[in-house]
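Take a look at the letters that make up each chain.
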Amino acid sequence: MPLIALTTTTTASATRLRLSKLRTAPATITTTSPAARSIITTSVIARCRLNVLLAYRRVGQPSRRVVRLKSVTSTQDVARPMPLGSIVVADHQTAGRGRLDRRWEAPAGTGLLVSFVLRPNPVLSLAAGVAAAQACGGGVRLKWPNDLLLNGAKVGGILVEVLPATAICGIGINLTWAPPGGAKLNQDRDVLLDRLRVELDRWASADVEDVLSIWRALSDTLGRRVRVDQGEHVIEGKAEDIGRGGELIVDGTPVAFGSVTHL
Ligand code: BT5
């Protein structure tokens, strides 16, 4: 199958322009559910000035659309202009990103790289962590604010980017490769994705208190001494709880952001 290769462009219009320049840019659009799966393959022909957006408006219900691509800058960039319920999965990202301009690295075909277009929700990052940990199973635990840990090593991460009407929830999970110090899950990507979709449907719309209570149960951070690096400030203390907005309570003080080290 020919590839869609998006380079370093990041805006929706730039992405559409680049796609429109490709002679033949096929998009495989799958409408899947854990129970049933059908695949619709659509060719996007440049001279007709079609683009991915138009292509997948023609098929499926929003909550059942998965767009699978070979290589993209970031699945977040592709998902950004898409409607609620869209899911973008890629084999490879040339500019996969984490929080605060950090990178998410994964050689092609070695991990689950996926973005979901969801309704904004103040605890979406925590809900996505819960969903991902539940989908992974096997003892995967959560490190505040957004890491998935396997045996104490980072096996995945979550990045939520909020737009006016939607939130783009990106999840990266190492499957057959991990960087030094990281962990990998060794699970089938599509099976994991199916489980993740079910869990995310459930937790992204769950009651805040339910999300918080399962997050606490899955947390590897609570009860530990932690260092939170906020750039200008470093806070050390015991991670006691999380608040209703998802903030970490360290020695009684709510901490809204930062990189946590378990001490
Ligand atoms: C995250 O950021 O952990 C969020 C990662 C989200 C990645 C997904 S993939 C699909 C979607 N598309 C994107 O472009 N992003 C999302 P953060 O907490 O800032 O952690 C980033 C840090 O994790 C890096 O600075 C590295 O230290 C480390 N890291 C990078 N790649 C890693 C990997 N494959 N496994 C473990 N750690 C990694």
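Before reading further, recall that the structure is shown in the block above.
These figures come from a predicted structure and were not determined experimentally.

**A closer look at the overall build of the protein**
Here comes step 1: Across its full length, the protein holds six helices and 14 strands.
Here comes step 2: Buried residues in the protein amount to 51% of all 263 residues.
Here comes step 3: Residue pairs at least 24 apart in sequence account for 56% of intrachain contacts in the protein once pairs closer than 6 positions are excluded.
Here comes step 4: Carbon together with sulfur atoms contributes 52% to the accessible area of the protein, which is approximately 12,200 Å² in total.

**Remarks on the site of the ligand**
Here comes step 1: Not every one of the 27 residues close to the ligand is listed here, only the nearest: S74, R97, R102, E105 and K154.
Here comes step 2: One of the side-chain nitrogen or oxygen atoms of T75 is found 3.0 Å away from a nitrogen atom of the ligand.
Here comes step 3: Breaking the shell around the ligand down by element, the ones donating at least two residues are α3 (75-79), β5 (111-118), β8 (153-162) and β9 (167-174).

**A word on unusual backbone geometry**
Leaving glycine aside, a negative phi is the common case for residues, and trans is the common case for peptide bonds.
Here comes step 1: Between W144 and P145 the backbone carries a cis peptide bond, its omega angle lying at 0°.
Here comes step 2: Mapped onto the elements of the fold, P145 is located in the loop between β6 (141-143) and β7 (147-150).
Here comes step 3: A positive phi angle, near 50°, is found at L100, a position not held by glycine.
Here comes step 4: A relative accessible area of 62% means that L100 is categorised as exposed.
Here comes step 5: For D101, which is not glycine, the phi dihedral falls at a positive 65°.
Here comes step 6: Here D101 lies in the loop between β4 (87-93) and β5.
Here comes step 7: Under the relative-accessibility criterion, D101 is labelled exposed at 79%.

**Remarks on the packing of helix α4 (residues 124-136) against helix α5 (residues 189-204)**
Here comes step 1: Where α4 meets α5, the closest approach of the two axes is 8 Å, and the angle between their N-to-C directions is 140°. With respect to α5, the element α4 is oriented oblique. Handedness of the crossing formed by α4 with α5: right-handed. Here L124, A127, A128, V130, A131, A132, Q134, A135 and C136 of α4 lie close against α5, whose contacting residues are L192, R195, L196, E199, L200, W203 and A204.

**Side note on the sheet that holds strand β10 (residues 225-229)**
Through backbone hydrogen bonds, the strands of a sheet pair up, either in parallel or in antiparallel fashion.
Here comes step 1: Ordered in space as β13-β12-β11-β10-β14, the five strands form an open sheet in which the pairing is antiparallel. A strand with exactly one partner marks an edge of an open sheet, and here the two such strands are β13 (253-255) and β14 (259-262). When the angles between neighbouring strand axes are averaged without regard to direction, this sheet yields 45°.
Here comes step 2: Two strands pair when backbone bridges link them, and β10 and β14 are joined in this way by four bridges, in the antiparallel orientation. By the bridge assignment for β14, V228 is matched with V260.

Rules of the game
- Residues numbered from 1 in each chain as written.
- Predicted model: local features only at pLDDT ≥ 70, side-chain atom pairs only at ≥ 80, totals over all residues.
- Heavy atoms only, no water.
- Helix = DSSP H or I, 4+ residues; strand = E, 2+ residues; numbered from the N terminus.
- Buried < 20%, exposed > 50% of the residue type's maximum accessible area, 1.4 Å probe, protein only.
- Contact = heavy atoms within 4.5 Å.
- Areas by Shrake-Rupley, 256 points an atom, 1.4 Å probe, with all protein chains shown as cover.
- Near = heavy atom within 4 Å.
- Polar contact = N/O pair within 3.5 Å; in protein donor to acceptor, adjacent residues only side chain to side chain.
- Axes fitted to C-alpha atoms, helices over the stretch in contact; angles between N-to-C directions.
- Parallel < 35°, antiparallel > 145°, perpendicular 65-115°, else oblique.
- Left-handed = near helix turned anticlockwise from the far one by under 90°.
- Pairing = 2+ DSSP bridges.

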